[in-house]
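Descriptive analysis of the structure
Listed below, chain by chain, are the residues.
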Amino acid sequence: MDTTGSAEKGLRLIPFRGLRYVPERVGSLAAVTSPPYDVVVRPDGLHHLESADPHNIVRLILPQAATAADRHRQAAETLRRWLAEGILAPDPEPALYVYEQRNGDLLQRGVIGALALSTPEEGVVLPHEDVMPDIVEDRAALMRETATNLEPLLLTYRGEGSATGTTAVIERAVRRKSLLSTTTEDGFSHRLWSVTDPAELAEIEKDLAGRQALIADGHHRWATYLRLREEHPPSAAGPWAYGLVLLVDTARYPLQVRAIHRLLHRLPVEDALAALRSVPGSFRVRTLDGKLPEALESLSETVTGGTGDRAGNAFLLAGDGRFHLVDHPDPELLAGTVPADRPEEWRALDATVLHFTLLDHIWKIPDAPDHISYIHDTGAVVEQAERHGSTAVLLHPVREEVVRELARQAVTMPRKSTSFGPKPATGLVLRSLADG
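1. Quick word on the overall build of the protein
- Counting secondary structure elements, the protein contains 16 helices and 21 strands.
- The globule rule puts the C-alpha radius of gyration for 436 residues at 22 Å, and the 22 Å found for the protein is close to it.
- Projected onto the principal axes, the alpha-carbon positions of the protein cover approximately 65 × 45 × 45 Å.
- Relative to its 436 residues, the protein shows a buried fraction of 54%.
- Taking all contacts inside the protein whose residues are at least 6 apart in sequence as the whole, residues at least 24 apart take part in 79%.
- On the protein, roughly 18200 Å² of surface is accessible, and the fraction owed to carbon and sulfur atoms is 51%.

Structure, rendered in structure tokens:
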């Protein structure tokens, strides 16, 4: 994907006064952070985070109440109380924030700021996945009530791979004393630095002015930003014309790309397999021996050679205590169920075949929250399926080059097709929209 453009249409990242936890007022910074709202596995993960610390950020991003309106009001009231009590406090001056995540050999660095919003048609920030309107509406209602960007989106761009421009500022900043340092229970260490020097801010501004970004994680929140900007006239949009993001140069710090798996709440594995058998020759189905690691190895073996090319689509079904490999789809079945008006790369995606051929045609399952949950962790989705007698569908990851190529062509993938990471921890820095 071409990652350069005119200065008029490039990325504009501006400083803001970050809202941050006051370390002396909480048990620990690690105990008040959370994964992004859509990665928290509910209810187990939610309860775990709520019990970690009474001020865990999950009470703002996933408030619990009887109705949606009550949840959003509760989050706003909680935020106001924490600000009044000094649990959260704004930094003294606007800044961009250098953010580092490290776990063993894995190192990711980027810069957090308020990014000027743009539509996909403008070609500055490119989405690669569809969104679900009900989730956008829920996030928008929460953001209206709290008037706060509660967690940064993850965006990527391709620099030159050298320590110049934004990357140079980042790698100077990490040699200074950090604002915060903590290690979360997943083993990742997190550090944050502020950048306030006018010369360094100008260096970042000049570098990003010619860049184009890909939304790696946060499509629903980006759509929320755009919706809320539309609600404010241009003369009054002010802070609503910007959104909180983490920008990562993947030429310098490559991201990992994983699959997002499906949990089919109302479909037992026995019924899923029976439906496949009712369409003779639709897919090959094999029950595997062994536990989850061996089953995942069998799934990965459907990727041939070292090129990443696949010998057809493949899925792993779980939920009945065993694992079932579903592969080798019938080409005629695919031709009759997958839309033909998209590029071949899109038609060959596992997520495309899953949604159009399996979910829509064979299993007849609507893509709605009551029927499908999207879960990132393989162990968690299998455990949930086995506990509730439902079906887990495990997928291959999509190669980053495919994601970028489709985004360049303005072709969006089925929602929740990819999981880029590591994702920024939620709760390290927030952005108040009331602060201007």
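2. Overview of the pattern of salt bridges
- Applying the stated criterion to the full structure yields 27 salt bridges.
- For the salt bridge of R144 with E137, the shortest nitrogen-to-oxygen distance reads 3.6 Å.
- Among the residues examined, E137 registers a relative accessible area of 34% and is labelled partly exposed.
- A salt bridge links E203 to R172, with the nearest nitrogen and oxygen atoms 2.8 Å apart. Of this pair, E203 sits in helix α7 (residues 198-208) while R172 sits in helix α6 (residues 165-173), and the two are 31 residues apart along the sequence.
- Of the residues examined, E203 reaches a relative accessible area of 26% and is grouped as partly exposed.
- Linked by salt bridges that have partners in common, E100, R102, R109 and R191 make up one network.

3. As for the nonpolar core
- Counting 115 residues, the largest nonpolar core has W222, L247 and W363 as the members making the most contacts within it.
- When neighbours within four sequence positions are excluded, W222 is seen to be in contact with L115, A116, L117, S118, V125, L153, I215 and V245.
- Counting residues in each nonpolar core, the second largest holds 17 residues, with L263, L316, A385 and L394 among its members.

4. Here we look at helix α14 (residues 350-362)
- A rise of 1.5 Å per residue sets the reference length of α14, with its 13 residues, at 18 Å; its end C-alpha atoms lie only 15 Å apart and thus fall more than 12% short of the reference.
- Of all the 13 residues making up α14, 10 are buried; the element is thus mostly covered by neighbouring parts of the structure.
- For α14, the set of buried residues is D350, A351, T352, V353, L354, H355, T357, L358, L359 and I362.
- Phi for K364, located one or two positions after α14, is positive at around 55 degrees.

5. Here we look at the packing of helix α5 (residues 133-146) against helix α8 (residues 219-230)
- Packing of α5 against α8 leaves a shortest axis separation of 9 Å and a crossing angle of 60 degrees. In terms of orientation, α5 lies oblique with respect to α8. Crossing of α5 over α8 shows right-handed handedness. Residues I135, V136, E137, R139, A140, M143 and R144 of α5 form the contact with α8, whose participating residues are H220, A223, T224, Y225, R227 and L228.
- Residue classes in the contact of α5 with α8 are distributed as seven nonpolar, two polar and four charged.

6. Remarks on the sheet that holds strand β3 (residues 88-90)
- A sheet is described by the order of its strands in space; here four strands give the open sequence β3-β2-β21-β7, paired in antiparallel fashion. Among the strands making up the open sheet, the edge pair consists of β3 and β7 (148-149).
- Across two bridges, the pairing between β7 and strand β21 (residues 430-432) is antiparallel. Paired with N149 across the two strands is R431, which belongs to β21.
- Contacts from helix α4 (residues 68-84) reach β2 (18-21), β3 and β7, with the element oriented near 75 degrees to β3.

7. Looking at the environment of A213
- Within the secondary structure, A213 is located in strand β11 (residues 213-217).
- Owing to a relative accessible area of 0%, A213 belongs among the buried residues under this scheme.
- Residues A213 and S278 lie 65 residues apart in sequence; the distance between their C-alpha atoms is 45 Å.
- Those residues in contact with A213 that lie beyond four places of it in its chain are L11, V124, V125, L126, L155, T156, Y157 and L247.

8. Considerations on unusual backbone geometry
- A cis amide bond links G421 with the next residue in sequence, P422, at an omega value of 5 degrees.
- Take P422: it is sitting in the loop between β20 (419-421) and β21.
- One non-glycine residue, A147, lies in the positive phi region at around 50 degrees.
- Inspection of the secondary structure puts A147 in the loop between α5 and β7.
- We classify A147 as buried; its relative accessible area is 19%.
- The backbone of A410 sits at a positive phi, close to 60 degrees, despite the residue not being glycine.
- Within the element layout of this structure, A410 appears in the loop between α16 (400-408) and β20.
- According to the relative accessible area criterion, A410 is exposed, its value standing at 68%.

Conventions adopted
- Residues numbered from 1 in each chain as written.
- Predicted model: local features only at pLDDT ≥ 70, side-chain atom pairs only at ≥ 80, totals over all residues.
- Heavy atoms only, no water.
- Helix = DSSP H or I, 4+ residues; strand = E, 2+ residues; numbered from the N terminus.
- Rg over C-alpha atoms; globule rule 2.2 N^0.38 Å.
- Buried < 20%, exposed > 50% of the residue type's maximum accessible area, 1.4 Å probe, protein only.
- Contact = heavy atoms within 4.5 Å.
- Areas by Shrake-Rupley, 256 points an atom, 1.4 Å probe, with all protein chains shown as cover.
- Salt bridge = Lys/Arg side-chain N within 4 Å of Asp/Glu carboxyl O.
- Core = buried A, V, L, I, M, F, W, Y, C linked by side-chain atoms within 4.5 Å.
- Expected span 1.5 Å × (residues − 1).
- Axes fitted to C-alpha atoms, helices over the stretch in contact; angles between N-to-C directions.
- Parallel < 35°, antiparallel > 145°, perpendicular 65-115°, else oblique.
- Left-handed = near helix turned anticlockwise from the far one by under 90°.
- Nonpolar A, V, L, I, M, F, W, Y, C, P; charged D, E, K, R; others polar.
- Pairing = 2+ DSSP bridges.

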